[in-house]
Each structure stands twice: as C-alpha cells, then as structure tokens.
Amino acid sequence: MAPTGKAGRYRGSVKECPNFNASQDAEALYNAMKGFGSDKEAILDLITSRNNKQRIEISQAYKSLYGKDLITDLKRELTGKFERLIVGLMRPLAYFDAKEIKDALQGIGTDEKCLIEILASRTNQQMHNLVEAYRDAYERELEADVLGDTSGHFRKMIVVLLQGTREEDDVVSEDLVEQDAKDLLEAGDLKWGTDEAQFIYILGNRSKQHLRLVFDEYLKISGKPIEDSIRGELSGDIEKLMLAVVKCIRSTPEYFAERLYKAMKGLGTKDNTLIRVMVSRSEIDMLDIREVFRTKYEKSLHSMIKDDTSGEYKKALLKLCGGDDDAAGEFFPEAAQVAYRMWELSAVAKVELRGTVCPAADFNADGDAKVLRKAMKGLGTDEGAIIDVVTQRSNAQRQEILRTYKSHFGRDLMADLKSELAGSLARLILGLMMTPAQFDAKQLKKAMEGVGTDENILIEILATRNNREIQAINEAYRAAYHKSLEDALSSDTSGHFKRILVSLALGNRDEGGEDLARAHEDAKKLSDVSSGDSTSLETRFLSILCTRSYPHLRRVFQEFIKMTNHDVAHTIRKHMSGDVRDAFVAIVRSVKDRPAFFADKLYDSMKGIGTDDRTLIRIMVSRSEIDLLNIRRVFKEMHEKSLRNMIEKDTSGDYCNALLTICAGDD
C-alpha cells in the first residue's frame, strides 16, 4: 500500500508508471547494457520513473527473459555513486535498509550515524520488515549482530527500537503524559547522575502522539526543551540516538531535511547519506521533506543537489527529488502551512536565555584587586592568575574590581593590563573589563576608523541589541568620543544603508506584543515586490523591520510566509544587494533566532585557514552573560561539533585558556 501523508494523499516523489509493462522495461534495460559501453541515460530515466514494486517486477521479468540477475548486470555496467544509487533503487526498501545496516556493522568500526538514522526513523512495520529481510538476505539475526557491535545504553536503546513495538494508539492519557514528563525530569535534571533506563523506556515505547504531548509538558515543568536535557545528561552515541528519536517524533520530514542539508553543506558531499535518504524516502515523504527543506534552509533541495553533484548521478537524484521548489509555480502551497507550524512551535518554546559567566560566589573585590596587582608586579606577568579572576567574575563585579584597584593602589587597572598583556589575549581581557556598552561603543568606533568601514561589525551590533542596550551604547559612545553615534554613522555611511543604521541606533523599537491585523498589513507591504522600484521596497522594509517589536515581527514573518510561500529572508536576498541586504537579513535572523545568528558568526570566524580573532572576541565577550550557553547548544546542533572543541583546535596558549573559561563547557 502506498504511503500517504496529509489527508491521506500520497507524499512520495516517485509515482507508479501508468501503462507499465515489466517485459518491455526489462528488454529496454537489456538493450541499454548490451555491447560495448552502456546507455546510462536510458537506465536512469527508466529506473527513476518506476516505483519500487514495478522495479521488482522488472527484475523478475529480466531473469525470466534472459536468465540473468538484473542487479548483477547493473553492478557490472555502472560505477561509483551512480551505481550505488541505481542498485539501491532496485532493492525492496526493507532489503535496502538491511544492506545499509550490514555495511554499517562490517569492517573496522561501526557507522553509528547510519544505524541511528535508520533505527530512529522507521515505523513498527518497517522495523519488522527490516528484521525479516536481514534474516533472509544474510541468514543471521539483526539483533545478535547489533549486540556484537555496540555497547552500553546505546545498545540497549537500539535493541528496544528493533523490537518495533512502539505504541500506536492515538488516544492519549493526560495523567500518563504528566507522569512521563515528571519521570523524565526526575531521571535527568533532578537526579545526581542520569537514569538512562527511564529515557530508554519512555522514548523507545510510547506513541508519537503521546510523546509530542510529553515534550510539551516537559517544557512547561522544566522551562527547557527535552533536547536540552538530553544534551546535558547524555553523551556520545546514546545522546545522538536519543536526539534523533526526539526529532523523528516531532517531525520525521524535518529530521530527513536536516540530514540531507548536512550531507551537502560545506566542502565535500556525504554521498552515502544522500543516497540512503533519497532512495528510502522517495516513496514515503519526499514531498514533505522538500517543503521543510525549502522553508528551513531558504533554498530548494533540487537546487542544492544540482550545485553539489554532477553527471548521471546528479540527474538520477534530481529525478528522485521530483521538482524544484525555487522554480516559478513549483513551490508547494502546503509549504506555507509547514512553515507556519514551525513558527508556531518556535513561538511556544520560549527558551530562557542563559549566559556562561555568572557572578562569583563569595566575591571579594579587595582580594581580587590584590591578586591582579601581584600578577603584574615585578618581572614577568602571571597571565593565568589574570585569566582566573577576569573570566570568572560578572561584569558588575569587574567594575567593582576596577574601582577598588584604583583606590588601593592609585593605579589604573586597564592601563596596567594594557602594558602587561599583548595580542588577542589583551583584546579579550580588556574587552571583558569594559562595561557591555563601552565595549560595543569601542567596536563601533573601530569599525568606522581609518580607510574603509567594516560594515559587518556595524550590522552585527546594531541589528542584535535591544532598546536599552542601544541607548547605553549611545551614552558610552558620546562619553568616550565626544560625538553622537548617529553623527558618526551619518558621516561614515550613505544611502539606504545609512538610514537603516541610524534608525537602529535610535533605540526606539516598539516594545509591545503582536497585533495580528497590523501584522497582516505589514506582511502585505513587504510582499509587494511587483513595482520593481528597489528604493520604495527598501523604504518599506526599513519602516517595518527597524521599528516593530520582536514579537510583532515574528507574526509578520508568519503572515508573510502564508501569503508568499517564501521566507522573508529569501525575498530580501532576491530583491536587494550589498550592505542593505546584509543588514535586513541580520535583523530577520536576530528576530527569528538570535543564538543561531551568533553561532553561525562564531563558526565562520574559525572555519577554514586562519581565525578571525576580532569577531571571535567580540561575540565571546558580548554574549558571555546573555546567551552564550544557548549559542553553544545551537552551535553543536548546526555544525555537529562543539564550540569548545573548535576553539581548542583554532586557538592556543593563554588566549585559548581564557576563551575556554568563558565558553565554560563542552556540549
């Protein structure tokens, strides 16, 4: 029976071929492989335009007509990634999964990511079919092979999933929902150590509908999403498996959209993942995956495959994809609703913003001032002692240390630190010793000094600070440089970009909630790009993005998606350019998910050859008491490595030690 999604409609991209004739197709494939060379185009056109059931019939007809095994002939004629993709399509899904798992378990080491992807995402029936197919294909028991190749709580959870006994009843008990949420909280955050067995039992057995309500209840009673608790309480493969299970419970298409995106982003392509997902979901939920992909990553799956692959392999993948959601008239109407639901979920999950640097207990400004003086007195400098004090005090405590140091020793602590430290460590420590407003004011000043302007710094600071922070920056700027920030921006920038920055620098954004009627009107203004007048368009965006409250703008963006089937950032990138485009995109990203915006900036500062230390310092200093803990968690989720790990690899010495102390943990 064909899998169906919304309202019972088929959601695969590969459909049954009408007027199908297995013998004719078998003959066509035989002719495509006959003689010297093979007609790869004919092979891919035929196989990608038949569904799995029809391909199995073609294999049987091929054997009847020619006494040969079709898969064996395809393996002989094709090579590389293209061969793996075509041969994968020729196997029934359960046998395809069985082969993937067998390959994951073979050889030195185990491909845990493959195991996790398959076992976290399959339904009960698919799991039963997989176990049977594995037994039939390899005359071995899948559970026994997994037991021999895995260990600990990871193995226990995999065994539970392999049973395919997840509850499927949509009738949910409110009492049991509350009890499960409470049990998970007590098994993790409220317990010394973690009761992994409780996590395994609940996440491995309860129905999807039940667990979605448990996750909502967990957020209500703990103040944070279940994913945060899993990251905090578990580690290694069991952490990755549990997070994958939670993602699939919340939205299987979103899980696979993320898998596909990560398979293609950055240098190189993870072709095994790309092939596995495209083959296994092509007749299940590829249309849903495409919708989520287009909405979440602001580009179509089709365009990313096109840019990341080549040759017949690319052509076959694009046929499985089934359409380009960036092409005019191609974007699915349902995508607006998918995006809208994603927005609604993010609006509900009001996650508490948390910094990594907190006020020190038993704080003694006098004692700290003496430690710092001793560290800088005489020959040499004790950088370790300076780092220990400065990085482990809140900004308010550091200001008290500054005052105490002057009153005790008659010296300026900032001047002493400047003379004793050098390079990136000096910039980091001195940045921490300033008030947040002084630090931001200095960054803005440096961005406008000398030849040329660093527009990225202006955008980063002014697009992400709230009214109170902006007003404090204005005061600090005037006090330090005897000139208003507005005047400085006006003399150093021009055109619409200047108008955007000046508007943001006023710190006069609305602070109320959302107004649905007004949000609808605002979205309508933003969506009207038909006039072709870029000046008028930029003025409209400025009047809304730079003045409306964040809650209101979130509603505007939701309404915009409903009207256009596009994220507002997509429209900005399409119709604007240069600094104006970058400023508006930064505002949108800050409104939607500020920690993700900063996580990307941190990643970009350290990826590739060399480190952008100024950006790294600026963000680590400015976010350390606001939301660096949230940034850390998003960083790990987005880039599959921890912020701490990247800092360790990309920096060194005392500078590295200071950054790691501010980072405060490894996710």
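- As named in an unreviewed UniProt entry, the protein is Annexin, taken from Chelydra serpentina.
- UniProt annotates the protein under Sequence similarities (unreviewed entry) with the comment "Belongs to the annexin family."
- Under the UniProt heading Function (unreviewed entry), the entry covering the protein gives this text: "May associate with CD21. May regulate the release of Ca(2+) from intracellular stores."

## Remarks on the overall build of the protein
Here's step 1: Scanning the protein from terminus to terminus reveals 40 helices and 0 strands.
Here's step 2: If one aligns the C-alpha atoms of the protein with their principal axes, the spans along those axes are about 95 × 60 × 55 Å.
Here's step 3: Burial status across the protein gives 53% buried among its 667 residues.
Here's step 4: Restricting the contact set of the protein to residue pairs at least 6 apart, pairs at least 24 apart contribute 73%.
Here's step 5: Of the roughly 29,900 Å² of accessible surface on the protein, a fraction of 48% belongs to carbon and sulfur atoms.
Here's step 6: One finds the centroid of the 99 positive side-chain charges in the protein at a distance of 3 Å from the centroid of its 109 negative side-chain charges.

## Focus on the side chain of Ser605
Here's step 1: Looking at where Ser605 falls in the secondary structure, it is placed in helix α36 (residues 578–606).
Here's step 2: Residue Ser605 is classed as buried on the basis of its relative accessible area, which comes to 2%.
Here's step 3: Leaving out residues up to four positions away in the same chain, Ser605 has contacts with Gly610, Thr611, Asp612, Thr615 and Leu616.

## Points about the nonpolar core
Here's step 1: One finds Phe584 and Met620 to be the most contacted residues of the largest nonpolar core, which totals 101 residues.
Here's step 2: The contacts of Met620, once residues within four sequence positions are left out, are Leu602, Leu628, Leu643, Ile647, Leu659, Ile662 and Cys663.

Rules and cut-offs
Here the residue numbers are simple positions, counted from 1 along each chain's written sequence. With pLDDT at 70 or above as the cut-off, local features in this predicted model cover only qualifying residues; side-chain atom pairs require 80 or more to be listed or tallied, and sums for whole chains, interfaces and linings still use all residues. Just so you know, side-chain values use all the structure's heavy atoms and leave hydrogens and water out. UniProt positions are given in the numbering used here, feature names are shortened, and annotations may be inferred rather than shown by experiment. Per the convention used, a helix needs a DSSP run of H or I reaching at least four residues, while a strand needs a run of E reaching at least two, with both numbered from the N terminus. We call a residue buried when its accessible area falls under 20% of the maximum for its residue type, exposed when it is over 50%, and partly exposed in between, using a 1.4 Å probe and counting protein chains only. Any pair of residues with heavy atoms lying within 4.5 Å of one another is described as a contacting pair. Per-residue accessibility takes into account occlusion by the displayed protein chains alone, with areas from the Shrake-Rupley method and a 1.4 Å probe. When charges are counted, neither His nor the chain ends are considered; positive counts come from Lys and Arg and negative counts from Asp and Glu. Every charge is mapped to an atom, namely NZ of Lys, CZ of Arg, CG of Asp or CD of Glu. Among the buried residues, those of types Ala, Val, Leu, Ile, Met, Phe, Trp, Tyr and Cys that are joined through side-chain atoms within 4.5 Å form a nonpolar core.

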